[in-house]
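Architecture at a glance
One letter stands for each residue in the lines below.
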Amino acid sequence: MTTAAHTLQAMPPLRALDLTAVRADFPLLADRAGGRALVYLDNAATSQKPRVVIDAVRTFYEHGNANVHRGVYRLSESASAAYEHTRVQIASFIGARTAREVVFTRGTTEAINLVAQSYARPRLAPGDEILITAMEHHSNIVPWQLVCGQTGAVLRVAPVTDAGELDVAGFEALLGERTRLVALTQVSNALGTINPVTALVAAAHARGVPVLVDAAQSAPHLPLDVQALGCDFLACSSHKMFGPTGVGILYGREALLDAMPPWQGGGDMIDTVTFEESTWADLPAKFEAGTPNISGVIGLGAAVHYLESLDRGALAAHEDALLKHATDLVSRIAGVRIVGTAPEKIAVVSFVADWAHPHDLATVLDDGGICVRAGHHCAQPLMRRLGVPATTRASFAFYNTLDEVDALADALASAHRMLA
Amino acid sequence: MSSELSELYQSVILDHNRAPRNYRRIDDASGSARGRNPSCGDEVVVFVRNDAGVLTDVSFEGSGCAISRASASLMTQSVKGKTRDEALALFERFHALVAGDGADARSLGKLAVFSGVRAFPARVKCASLAWHALRSALEDAPARRHPDDSRPNSETKRSADAV
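This structure is a prediction, so every number in the text was calculated from the model and none was measured.

**Some thoughts on the overall build of chain B**
Secondary structure summary: chain B contains five helices and four strands in total. Secondary structure elements in chain B, listed N-terminal to C-terminal, are α-α-β-β-β-α-α-α-β. Here chain B holds 163 residues, and 46% of them are scored as buried. Relative to all contacts within chain B whose residues are 6 or more apart in sequence, the contacts with residues 24 or more apart total 68%.

**Focus on the pairing of strand E15 (residues 391-395) of chain A**
Residues and elements named next belong to chain A. Most of E15 sits out of view: five of its five residues are buried. Burial along E15 is two-sided: the face carrying Thr 391, Arg 393 and Ser 395 and the face carrying Thr 392 and Ala 394 are both buried. Across four bridges, strand E12 (residues 348-353) lies against E15 in antiparallel orientation. Counterpart to Phe 351 in the pairing with E15 is Thr 392.

**Some remarks on the interface of chain A and chain B**
On the chain B side, the residues contacting the 14 residues of chain A number 14 residues. Where the side of chain A that touches chain B is concerned, the elements lending two or more residues are helix H13 (358-367), strand E14 (373-375) and helix H15 (402-419) of chain A. Here the side of chain A that touches chain B gets five residues from one element, more than from any other, and that element is H13 of chain A. Residues belonging to the side of chain A that touches chain B are distributed by class as follows: seven nonpolar, five polar and two charged.

**Overview of the sheet that holds E12 of chain A**
Residue and element names in this part refer to chain A. Spatial ordering of the open sheet is given by E11-E12-E15-E14, a layout of four strands whose pairing is antiparallel. Since the sheet does not close on itself, it has two edges, and those belong to strand E11 (336-338) and E14, each with one partner. Put simply, the sheet's adjacent strands are angled 30° from each other on average, direction ignored. Bridge analysis of E14 against E15 gives three bridges, and the strand direction is antiparallel. By the bridge assignment, Ala 374 is partnered in E15 with Thr 392. Against the sheet, helix H12 (residues 312-331) contacts E11, E12 and E15, and its axis sits at roughly 150° relative to E11. Seen against the sheet, H13 touches E12, E14 and E15 and runs at an angle of roughly 160° to E14.

**Points about the sheet that holds strand E8 (residues 248-252) of chain A**
Note on sheets: strands pair through backbone hydrogen bonds, and any given pair is parallel or antiparallel. All names here are of chain A. With respect to topology, seven strands assemble into an open sheet ordered E2-E8-E7-E6-E5-E3-E4, the strand pairing being mixed. With partners counted over all chains shown, the strands left at the sheet margins are strand E2 (102-105) and strand E4 (154-158), one partner each. If you compare each strand with its neighbour and ignore which way they point, the axes differ by 20° on average.

**Things to note about the nonpolar core**
Counting 125 residues, the largest nonpolar core has Leu 212, Leu 234 and Ala 235 of chain A as its most contacted members. It is helix H11 (residues 294-309) of chain A that contributes the most residues to this core, eight residues altogether.

**Description of the pairing of strand E5 (residues 179-185) of chain A**
In terms of residue burial, E5 of chain A counts as a mostly covered element, since five of its seven residues are buried. Considered for its hand, the β-α-β crossover made up of E5 of chain A, helix H8 (residues 197-206) of chain A and strand E6 (residues 211-214) of chain A is right-handed.

**Details of the confidence of the model for chain A**
Per-residue confidence for chain A gives a mean pLDDT of 94, with 96% of residues at or over 70. Contacts from residues 1-14 of chain A, a stretch scored under 50 in pLDDT, to residues over four places away or in other chains number 27 contacts.

**Structural notes on the confidence of the model for chain B**
All names here are of chain B. Residues with a pLDDT of 70 or more make up 84% of chain B, whose mean pLDDT is 85. Counting interchain partners and residues more than four positions distant, the pLDDT-below-50 stretch residues 146-157 has 12 contacts. Prediction confidence for the complex, expressed as pTM and ipTM, is 0.90 and 0.82 respectively.

**Some remarks on the environment of Arg 384 of chain A**
All names here are of chain A. Position of Arg 384 among the secondary structure elements: in helix H14 (residues 380-386). For Arg 384, a count of 13 C-beta atoms within 10 Å puts it in the partly exposed group. Between the C-alpha atom of Arg 384 and that of Ala 134, which follows or precedes it by 250 residues, the distance is 9.8 Å.

**A few points about unusual backbone geometry**
Residue and element names in this part refer to chain A. A cis amide bond, omega -5°, links Leu 283 with the succeeding residue Pro 284. In this structure, His 377 takes a positive phi of about 60° despite not being glycine. For His 377, the position within the fold is in the loop between E14 and H14.

**Describing helix H5 (residues 124-139) of chain B**
Residues and elements named next belong to chain B. In a regular helix each residue adds 1.5 Å, so 16 residues correspond to 22 Å; H5 covers 23 Å between its end C-alpha atoms and thus fits that length. Of all the bends found along H5, the most pronounced is centred on Ala 130 and spans about 30°. Counted residue by residue, H5 has 14 buried out of 16 residues, so it is predominantly covered.

**Overview of the packing of helix H5 (residues 108-120) of chain A against helix H6 (residues 142-151) of chain A**
Residue and element names in this part refer to chain A. Viewed as axis vectors pointing N to C, H5 and H6 meet at an angle of 25°, and their least axial separation amounts to 9 Å. Considering the angle they form, H5 stands roughly parallel to H6. Handedness of the crossing formed by H5 with H6: right-handed. From H5, Ile 112, Asn 113, Ala 116, Gln 117 and Ala 120 reach across to H6, where they touch Pro 143, Trp 144, Leu 146 and Val 147. In the contact of H5 with H6, the residues fall into seven nonpolar, two polar and no charged.

What counts and what doesn't
Residues numbered from 1 in each chain as written. Chains lettered and ligands numbered in written order. Predicted model: local features only at pLDDT ≥ 70, side-chain atom pairs only at ≥ 80, totals over all residues. Helix = DSSP H or I, 4+ residues; strand = E, 2+ residues; numbered from the N terminus. Buried ≥ 20, exposed ≤ 12 C-beta atoms within 10 Å, placed from the backbone. Contact = placed C-beta atoms within 7 Å. Pairing = 2+ DSSP bridges. Nonpolar A, V, L, I, M, F, W, Y, C, P; charged D, E, K, R; others polar. Axes fitted to C-alpha atoms, helices over the stretch in contact; angles between N-to-C directions. Core = buried A, V, L, I, M, F, W, Y, C linked by C-beta atoms within 7 Å. Right-handed = clockwise from strand over helix to strand, strands pointing away. pLDDT = per-residue confidence, 0-100. Expected span 1.5 Å × (residues − 1). Bend = angle between axes of the 7 residues up to and from the residue. Parallel < 35°, antiparallel > 145°, perpendicular 65-115°, else oblique. Left-handed = near helix turned anticlockwise from the far one by under 90°.

Here you go:
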């Protein structure tokens, strides 16, 4: 299997970043419901979908719909082939050695729960430790709390600095004799901080501790290469990387997945079933009980194909420009403070204003057609650590424009006139 | 700015947000309750003093958005001097106003400024947070038989998560 970088080289000539053309690929961005342009800055919550993804889902239901892995008729065989083709695409996209290392789930959350219950739970004894960080999304906290409750293991939390960066020395100090697993996010959903995952994985591996990487936020922005990261598990969600909702990816090293018992039982994950006992199907079917989200997986395949057709280096440079411009304009507004000022960030600007609560700001911005998130971003412990009850968050994708950053700043200025 | 937005942030609401009334503890409260909005982290504590069936003092503390602060502030003014049952009946009418199933705004006095909330379903919880806490505080606040009853106050903290 090739690495992600290798795959990019093997693709047909890349399109230069033509923002107008790229935006035209996303029908919702041109929507004028309510008679005004939509400025969508909530990409960390979910991304918009290009027409190729919407078409792939529709075409499947119009011309390809059948259940997978069951029928011997041609329609079912071609549905299975399309579904499995996406698995091969994903394996290549993330640098997995084989498609057997790619499990489709409902989302990042389900992928993490699968590892907690199938990998961690049977291995944990009272007093063992799971190490996470203080910047995790609730979905990378609560599954570990559940498994700790089931086993008597203890959750340890690596600290973050006031700037919203991981305290690497603090992280390493918590890697101890009893650490059985590290679970950490590559990018903070609330702040945009990029963690030095390769170095953190190496530190954990030096002590023989496997690592799960939550790539839900990084997948749409950074090249994913599980070989370069060195991680043992990686989880991400289709809907944040321009694919349909309801599909997630769990990558796991083949030897680890092989040794894990199934998590959910049902159809499609068995070899033989009798009332006395059942035997499990081989990877990855062992972890895909029941009829999967077939159209969603096929739509994800279209999304990955779309991403690979773009010059991701150019996209990243454009996103950096968006981040710089937004940081500059937002921090100039009176009484506004940006929360999360790490030097390595994706294009997320989370902020508080001393003259307005985030909910009021989001309501006023929405009046100008600007969609931002206000609240704790499913990261309540991080908010508590940083001493803010909530923030307003503008999160960008490559299809956003510098003009939209200006629109955000203008709307914040008029919110200031109204609410301050 | 749309008319919906100016209806929502009327000057009375902005004024009560900037300078909330009855923003304090009541040390000899007969009841208090905390209200939390888990989706945004807003938190309010409402204190009531119930003397022989009449709410002689009502106050609040906490942090939240303009709508929730102004609502708490105006609520304390509106229910002070009312009986417990009158206060609960007022909550019913207020809820009907903000949740949009057609309360008569004229019967609500100053609280009518919250009629704009109904155009913003996501903000209904903000407007009703303090009222939910008030209801819990009243359950926690049996009327004192004598206004000068000096029994120690058993301040059970009740929780009224807005739903």
